[in-house]
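Structural description and commentary
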Amino acid sequence: MAYITCSHLTLGYEGKAIVSDLNFEVKKGDYLCIVGENGAGKSTLIKTLLHLKSAIGGQIIMEDGLKPYEVGYLPQQTVVQKDFPATVQEIVLSGTLAKCGRRFFYGKAQKKIAEEKMKRMAVWDLRNHSYRNLSGGQQQRTLLARALCATSKVILLDEPVTGLDPKVTAEFYQVTRELSEEGVAVIMVSHDIQAVSYATHILHIKKEHSFYGTKEDYLKSDAGKMFQCIGGNA
């Protein structure tokens, strides 16, 4: 059973479609890489999966016990976000807010989860450091730890390696692949051709006739060959 199934999905703004008939699913342990030209609808799809906006048509079905608030999210960082004045621990803990219920404070259970995820992402020793003083790679690991506090099922990553150097980028991809191998479903939006090599499935969004399938089938397709030829700048 899939965590997320999108059936004949039409996305857009103010009733005007920018992409139609999207069909794909995300199961436990899948690593789905979403690619496509600028303006193709990748950001709109993210907002729709996070229930921040409604689809124009079609369905998004969440099953296998997945709740809407159990999708961990790592947003594309802005300059303001990179300079956020909080400690690593404060940021990671904020990922447990949905588990706090009606309480206005973090309990032992939430602090334990945050500790586990910080150790998993190798930022535990940085827990009292200011987020703004971290390297780009450390910041992304912190945000990934935060996303994992919200879920053990599905994480959604929006251009997570933008601005990172090649070594840190490779390390980040390796971490996300390990999470996938451990059973976490990873959904990553990326322009980076390197990201495709880590994926199990590809969703290449186009206004019409979008591609969804395994990485192997994608690399043999016309869309996949073109994506490789232009270096992932689609």
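Here's a quick rundown of the structure.

One open sheet holds the 6 strands; their spatial order is β5-β6-β7-β3-β8-β9, and the pairing between them is mixed. Each edge of the open sheet carries a strand with a single partner, namely β5 (71-74) and β9 (211-214). Going from strand to strand, the sheet's axes swing by 15 degrees on average, the running direction of each strand aside. Most of the contacts of helix α1 (residues 42-49) go to strand β3 (residues 31-36), to which it runs at about 140 degrees, and overall it touches β3, β5, β6 (154-158), β7 (185-189) and β8 (201-205). Relative to the sheet, helix α5 (residues 136-150) contacts β5 and β6, its axis offset from that of β5 by approximately 165 degrees.

Our focus in this paragraph is the state of the cysteines. Within this structure, the stated rule accounts for 0 disulfides. Cys6 takes part in no disulfide bond, and the closest cysteine sulfur to it belongs to Cys33, at a distance of 16 Å. Look at Cys6 and you get buried, because its relative accessible area is 3%.

What follows deals with the nonpolar core. Among the nonpolar cores identified, the biggest contains 42 residues, and Met121, Leu144, Ile155, Leu157, Leu179 and Tyr218 are the most heavily contacted of them. No other element matches α5, which puts 6 residues into this core. Other than its neighbours up to four places away in sequence, Tyr218 contacts Val35, Val196, Ile202, His204, Phe211, Ala223, Gly224, Lys225 and Phe227. Within the second largest apolar cluster, 26 residues are counted, among which are Ala40, Leu45, Leu50 and Ile187.

Moving on, we get to the sheet that holds strand β1 (residues 4-13). Judged by pairing direction, the sheet is antiparallel, and its 3 strands sit side by side in the order β2-β1-β4 without closing on themselves. Both outer strands of the open sheet, β2 (16-26) and β4 (57-62), are each paired with one neighbouring strand and no more. Taken over all neighbouring pairs, the strand axes of this sheet differ in orientation by 30 degrees on average, direction set aside. Of the strand pairs in this sheet, β1 and β2 are connected by 7 bridges, and their pairing is antiparallel. When the sheet's bridge partners are listed, Leu11 is paired in β2 with Val19.

What follows deals with the packing of aromatic side chains. Under the defined criterion, the tally for this structure stands at 3 aromatic pairs. Ring centres of Phe24 and Tyr212 lie 6.2 Å apart, and the angle between their planes is 50 degrees; this geometry places the pair in the tilted category. Taken together, the residues Phe24 in strand β2 and Tyr212 in strand β9 connect sequence positions 188 residues apart. The exposure class of Phe24 is buried, given its relative accessible area of 3%. Under the relative-accessibility criterion, Tyr212 is labelled partly exposed at 27%. One Lys or Arg, Lys119, reaches over the ring of Trp124 and ends 5.2 Å from the middle of that ring. Lying over the aromatic face of Trp124, Arg127 brings its terminal NZ or CZ to 3.9 Å of the ring centre.

Enumeration over the complete set of coordinates arrives at 6 salt bridges. Lys119 is the salt-bridge partner of Glu115, the closest N and O atoms lying 2.7 Å from each other. Taken together, the positions of Glu115 and Lys119, both in helix α4 (residues 108-120) and 4 residues apart, correspond to about one turn of that helix. Across the pair Glu178 and Arg120 runs a salt bridge, and its minimum N-O distance is 3.9 Å. One end of the pair, Glu178, is in helix α6 (residues 166-181); the other, Arg120, is in helix α4, and 58 residues separate them in sequence. With relative accessibility at 30%, the residue Glu178 sits in the partly exposed group. Within this structure, Arg120, Glu178 and Glu182 form a network of salt bridges that share partners.

Calculation criteria
- Residues numbered from 1 in each chain as written.
- Predicted model: local features only at pLDDT ≥ 70, side-chain atom pairs only at ≥ 80, totals over all residues.
- Heavy atoms only, no water.
- Pairing = 2+ DSSP bridges.
- Helix = DSSP H or I, 4+ residues; strand = E, 2+ residues; numbered from the N terminus.
- Axes fitted to C-alpha atoms, helices over the stretch in contact; angles between N-to-C directions.
- Contact = heavy atoms within 4.5 Å.
- Disulfide = S-S within 2.5 Å.
- Buried < 20%, exposed > 50% of the residue type's maximum accessible area, 1.4 Å probe, protein only.
- Core = buried A, V, L, I, M, F, W, Y, C linked by side-chain atoms within 4.5 Å.
- Phe/Tyr/Trp six-rings, centres within 6.5 Å; stacked < 30°, edge-to-face > 60°.
- Lys NZ or Arg CZ within 6 Å of the ring centre and 35° of its normal.
- Salt bridge = Lys/Arg side-chain N within 4 Å of Asp/Glu carboxyl O.

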